Amino acid sequence: MLDQEIIEIARNIYDTEIKSLEKRMNKLSENFVKVVRKIFDCKGKVVVTGIGKTGIIGKKISATFASTGTTSIFMNSTEGLHGDLGIINPEDIVLAISNSGESDEILAIMPAIKNIGAFVIGMTGNINSRLAKASDLYINTHVDEEGCPLNLAPMSSTTNALVMGDAIAGCLMKLRNFSPQNFAMYHPGGSLGRKLLTKVGNLMKTGEALALCKADTSMEDIVILMSEKKLGVVCVMSDNNSLLVGIITEGDIRRALSHKEKFFNLKASDIMTTNYTKIDKEEMATQALSTMEDRPHQINVLPVFDDNNFVGVIRIHDLLKVR
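Residues numbered from 1 in each chain as written. Predicted model: local features only at pLDDT ≥ 70, side-chain atom pairs only at ≥ 80, totals over all residues. Heavy atoms only, no water.

**Focus on the confidence of the model for the protein**
Moving on, step 1. On average, residues of the protein score 90 in pLDDT, and 94% of them are at 70 or above.
Moving on, step 2. The secondary structure element of the protein with the lowest average pLDDT is helix α9 (residues 191-197), at 67, and the one with the highest is strand β3 (residues 93-98), at 98. (pLDDT = per-residue confidence, 0-100. Helix = DSSP H or I, 4+ residues; strand = E, 2+ residues; numbered from the N terminus.)

**Observations concerning the sheet that holds strand β11 (residues 309-315)**
Moving on, step 1. Taken in spatial order, the 3 strands make up an open sheet running β9-β10-β11, and their pairing is mixed. One side of each edge strand has no neighbouring strand; the edge strands of this open sheet are β9 (279-280) and β11.
Moving on, step 2. Pairing of strand β10 (residues 301-306) with β11 involves 6 bridges; the strand directions are antiparallel. Opposite D306, over in β11, you have N309 as the bridge partner. (Pairing = 2+ DSSP bridges.)

**Points about the sheet that holds strand β6 (residues 212-214)**
Moving on, step 1. An order of β6-β7-β8 is seen for the 3 strands of this open sheet, with the pairing classed as mixed. Every other strand in the sheet has two partners, leaving β6 and β8 (244-249) as the edge strands with one partner each. Recorded for the sheet is a direction-independent mean angle of 35° between the axes of neighbouring strands.
Moving on, step 2. In the packing of helix α11 (residues 219-229) onto the sheet, the strands contacted are β6, β7 (233-237) and β8, and the crossing angle to β7 comes to about 125°. (Axes fitted to C-alpha atoms, helices over the stretch in contact; angles between N-to-C directions. Contact = heavy atoms within 4.5 Å.)

**Let's talk about the side chain of K45**
Moving on, step 1. Secondary-structure assignment places K45 in the loop between α2 (30-40) and β1 (46-50).
Moving on, step 2. The exposure class assigned to K45 is buried, which follows from its relative accessible area of 16%.
Moving on, step 3. Among the polar contacts listed, one links the side chain of K45 to the backbone oxygen of I87, at a separation of 2.7 Å. (Buried < 20%, exposed > 50% of the residue type's maximum accessible area, 1.4 Å probe, protein only. Polar contact = N/O pair within 3.5 Å; in protein donor to acceptor, adjacent residues only side chain to side chain.)

**So, helix α7 (residues 156-175)**
Moving on, step 1. An ideal rise of 1.5 Å per residue puts 28 Å on 20 residues; α7 measures up with 28 Å between its terminal C-alpha atoms.
Moving on, step 2. Among the residues making up α7, those that are buried are S156, S157, T158, N160, A161, M164, G165, I168, A169 and L172.
Moving on, step 3. Where the residues of α7 are buried, they touch α1 (3-25), α2, α3 (52-67), β3, β4 (119-124) and β5 (137-140).
Moving on, step 4. Downstream of α7 by one or two residues, N177 has phi in the positive range, about 55°. (Expected span 1.5 Å × (residues − 1).)

**A short note on the nonpolar core**
Moving on, step 1. Core analysis: the biggest nonpolar cluster contains 23 residues, and I39, F65, L95, I121, M123 and I168 have the highest contact counts within it.
Moving on, step 2. Among the secondary structure elements, those contributing two or more residues to this core are α2, β1, α3, β3, β4, β5 and α7.
Moving on, step 3. Top contributing element to this core by residue count: α7, with 5 residues.
Moving on, step 4. Excluding residues within four positions of it along the chain, I121 makes contact with V35, I39, I93, V94, L95, A96, S135, L137 and I139.
Moving on, step 5. Among the nonpolar cores identified, the runner-up in size contains 16 residues, and A211, I222, V236 and I248 belong to it. (Core = buried A, V, L, I, M, F, W, Y, C linked by side-chain atoms within 4.5 Å.)

**Quick look at the packing of aromatic side chains**
Moving on, step 1. Following the criterion strictly, the structure yields 3 aromatic pairs and no others.
Moving on, step 2. With a centroid separation of 4.9 Å and 85° between ring planes, the pair formed by F263 and F264 is classed as edge-to-face.
Moving on, step 3. The exposure class of F264 is exposed, given its relative accessible area of 56%.
Moving on, step 4. Ring plane angle 10° and centroid distance 6.4 Å describe the contact between Y276 and F305, whose orientation is recorded as stacked. Linking Y276 in the loop between α13 (268-271) and β9 with F305 in strand β10, this pair joins segments that are 29 residues apart in sequence. Judged on exposure class, the residue Y276 and its partner F305 are both buried.
Moving on, step 5. Across the ring face of F119, the terminal group of K38 is positioned such that the distance to the ring centre comes to 4.3 Å.
Moving on, step 6. Taking the ring centre of F305 as reference, the NZ or CZ of K278 above it sits at 4.7 Å. (Phe/Tyr/Trp six-rings, centres within 6.5 Å; stacked < 30°, edge-to-face > 60°. Lys NZ or Arg CZ within 6 Å of the ring centre and 35° of its normal.)

**Some points on unusual backbone geometry**
Moving on, step 1. In the Ramachandran plot, N177 falls in the positive-phi region, its phi being about 55° despite a non-glycine side chain.
Moving on, step 2. Its place among the elements puts N177 in the loop between α7 and α8 (180-185).
Moving on, step 3. A positive phi angle is found at K230, which is not glycine, with a value near 55°.
Moving on, step 4. You can see K230 is positioned in the loop between α11 and β7.
Moving on, step 5. Residue classification places K230 among the exposed positions, given a relative accessible area of 66%.

**A word on the environment of N177**
Moving on, step 1. With a relative accessible area of 64%, N177 lands in the exposed category.
Moving on, step 2. Along the chain, N177 and S103 lie 74 residues apart, while their C-alpha atoms are 36 Å from each other.

**Looking at helix α5 (residues 104-116)**
Moving on, step 1. The principal kink in α5, of about 30°, is found at M110, preceding the proline P111 by one to four residues.
Moving on, step 2. Within α5, the full set of buried residues consists of I106, L107, I109, M110 and I113.
Moving on, step 3. Of the surrounding secondary structure, the elements contacted by the buried residues of α5 are β1, β2 (72-76), α4 (77-80), β3, β4 and α6 (130-134). (Bend = angle between axes of the 7 residues up to and from the residue.)

Have a look at this one:
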């Protein structure tokens, strides 16, 4: 088989599946709206069930629901026959997925689900099937042709079911006013979670990690403090350590070195910066990073405040971890 023939087969599969999606999109009906609103009003959870290929799609749909604000769990239909029906409560909705609508394992658990009292939504490519008739509501995912060259393996049908699940989840997100912050809350381990959940207070250096001095501290001691703490800043405190009166950065020390003849006669008050930029500990780390990067001369470290109280310092090096 020539390389171009392989490409052509792939293109035909793409074309078939795209056409099936477009056709199904144009046939979205009032039933779809009813399904979305029913799930939105659900007081329990959405139990997605399926078997085989549709079971795999069901797992993804359930995972998408769960990560976008709709409490959901997947139940393998066969396992439902052997005890897993215990996860279903009367206030739940069961979303049963079967392209043919005639899967024995799904049909076998329908009477028990009805006895439990859960609401059943069927997602099927056959609206005349036993699953559609057993459901309180159904969504039509019919396709005229599978992407499979033999028109046998589930391809267009599973793609349609997957996109239908995404469409439901997306509508629910809008109805719930689901925000990026909500999404990040369910994904704290990912890069988005770090970007949207991490605050300056989570990354700042405090306590013994800080280099602190008084206004009359000698230049020699300032240099030693800067080297020991390795933060790139020495914080100049009031006599009772209650207020920050200035900061000394490595840049301030380099500028002071231009006057070598009097360098070691200088004190903290002679070189400290008093018009420093303040960062609040509750500020999002990404915003603080922008503040530091947008200044004409990049600042590598800034003092952090809780209201008007000095609590620590934040380094651009630490903020870059959330990017």
